[in-house]
Amino acid sequence: MKNNIIHLVALAVMFSVLATGCKKESDPNYDELLLGTWINTHVNNIPVLTNESFTVEFLADQTEVYAIGVQLDENNSTWLENDSYTYVVDGDLIIIDGSDSFGSVYHMEFKILALDEQWLNYSIEEFTVDGEAFPNTNTYACYKITSDFSSDFTGTWYGECTSADCLDTTSHYWEYFADGSYNYYFQDDAGNWIKKLDNEGHYFLYGHLFVNNYTNDQVVGGMGKAFECWDFEIVDTNMVWTGWREDEEVVTYEMNKVSGPPVTD
């Protein structure tokens, strides 16, 4: 009887060790899976407008880089990248601290609902700005960037808006450089190609997401800083931009890669 009890105790200890070992093996390695750049696509399972996308990058040194379009004032908006955040992973929580581009101090705690090599789903447990709490019951879905199209994207492209009822009815040249700067060329009423000198633009690439900052809208005549986000696809020397805007409007541009911008005097 005594030997049977000892045997049962030994089996129980061995089962406990095996169970613990299995649990450790099956636990998701959030620290490693989280590394990389993620693009927000859905909030509460509803697709977000292209201009309302944001990106977040988790680096191995526990720096978090956050990029989003912000409204500066009534007439100005811009896309900003900010690397003034740090993060730690504690169980299923991502704890983020830092300050935004305007000096406000943030503390955020995101609860991981699902995470694999393609998708990150999370809810917000805590969100404070300068010590003030902002409750948020939304859930967010982000997909991970796995491709870099920067070498295909750089160069000169010629094309036009191809969606129905587009306000932009003329053709354009866009010249993109590896340092993130770009030039834009439009045609005046006399047919001359003009390089837009007040563009003050910069562009960003995150996988298939393209964002460009610019100043003064050439098409609608708006004044001030602005940004636009586009999903893009490149096949050989052809590129298509697609933007889902308000009122379910889908705007598309189609263009071809050319040897260079137009020659201007």
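Thresholds applied
Residues numbered from 1 in each chain as written. Predicted model: local features only at pLDDT ≥ 70, side-chain atom pairs only at ≥ 80, totals over all residues. Heavy atoms only, no water. 1 Å grid on protein atoms, 1.4 Å probe; cavity = no way out; pocket = protein on both sides within 12 Å on 5 of 7 lines; lining within 4 Å. Points joined across faces, edges and corners; volume = space filled by probe spheres on them. Helix = DSSP H or I, 4+ residues; strand = E, 2+ residues; numbered from the N terminus. Nonpolar A, V, L, I, M, F, W, Y, C, P; charged D, E, K, R; others polar. Core = buried A, V, L, I, M, F, W, Y, C linked by side-chain atoms within 4.5 Å. Buried < 20%, exposed > 50% of the residue type's maximum accessible area, 1.4 Å probe, protein only. Contact = heavy atoms within 4.5 Å. Pairing = 2+ DSSP bridges. Axes fitted to C-alpha atoms, helices over the stretch in contact; angles between N-to-C directions. Phe/Tyr/Trp six-rings, centres within 6.5 Å; stacked < 30°, edge-to-face > 60°. Lys NZ or Arg CZ within 6 Å of the ring centre and 35° of its normal.

### Some details on the layout of surface pockets
Thought 1: Reported here for the second largest pocket is a volume of approximately 460 Å³.
Thought 2: If you go around the second largest pocket, you meet 27 residues; those closest to its centre are Y66, I68, Y106, M108 and F127.
Thought 3: Of all elements in the fold, only strand 3 (54-58), strand 4 (63-73), strand 5 (76-90), strand 6 (93-99), strand 7 (105-115) and strand 8 (119-129) reach the threshold of two or more residues within the lining of the second largest pocket.
Thought 4: Looking at the lining of the second largest pocket element by element, the count peaks at five residues for strand 4.
Thought 5: Looking at the lining of the second largest pocket residue by residue, the classes come out as 21 nonpolar, four polar and two charged.

### Quick word on the nonpolar core
Thought 1: Membership of the largest hydrophobic core comes to 24 residues, with the highest contact counts inside it found for L34, F58, I94, I96 and Y122.
Thought 2: Counting residues in each nonpolar core, the second largest holds 22 residues, with F149, W174, F210 and Y214 among its members.

### Details of unusual backbone geometry
Thought 1: Backbone geometry at N44 places phi at a positive 55°, although glycine is not the residue there.
Thought 2: Secondary-structure assignment places N44 in the loop between strand 1 (36-43) and strand 2 (46-47).
Thought 3: Residue classification places N44 among the partly exposed positions, given a relative accessible area of 34%.
Thought 4: For D236, which is not glycine, the phi torsion reads 55° and is therefore positive.

### Digging into the environment of A133
Thought 1: If you trace the backbone, A133 turns up in strand 9 (residues 132-133).
Thought 2: Under the relative-accessibility criterion, A133 is labelled exposed at 54%.
Thought 3: Residues A133 and Y106 lie 27 residues apart in sequence; the distance between their C-alpha atoms is 9.9 Å.
Thought 4: Among all residues touching A133, those that are not within four sequence positions of it are F127 and T128.

### Description of the sheet that holds strand 11 (residues 155-161)
Thought 1: Read across the sheet, nine strands follow the order 14-13-12-11-19-18-17-16-15 without closing on themselves; strand pairing throughout is antiparallel. Two strands bound the open sheet, and with one partner strand each, they are strand 14 (193-195) and strand 15 (202-206). In this sheet, neighbouring strand axes are inclined to one another by 30° on average, regardless of whether the strands run parallel or antiparallel.
Thought 2: By the bridge criterion, five bridges tie strand 17 (residues 225-235) to strand 18 (residues 238-244) in an arrangement that is antiparallel. Directly across from E233, in strand 18, lies its bridge partner V240.

### A few points about the packing of aromatic side chains
Thought 1: Under the defined criterion, the tally for this structure stands at 31 aromatic pairs.
Thought 2: Between W174 and W241, the ring centres sit 5.2 Å apart and the planes meet at 55°, which makes this aromatic pair tilted. Placement of the pair is W174 in strand 12 (residues 171-176) and W241 in strand 18, with a sequence separation of 67 residues.
Thought 3: Judged by centre distance (6.3 Å) and plane angle (25°), the rings of Y184 and F186 are stacked. The residues Y184 and F186 share a single accessibility class, namely buried.
Thought 4: The aromatic ring of W230 is capped on one face by R245, whose charged end is 4.3 Å from the ring centroid.

Functional significance is not addressed by these values, which are geometric in nature.
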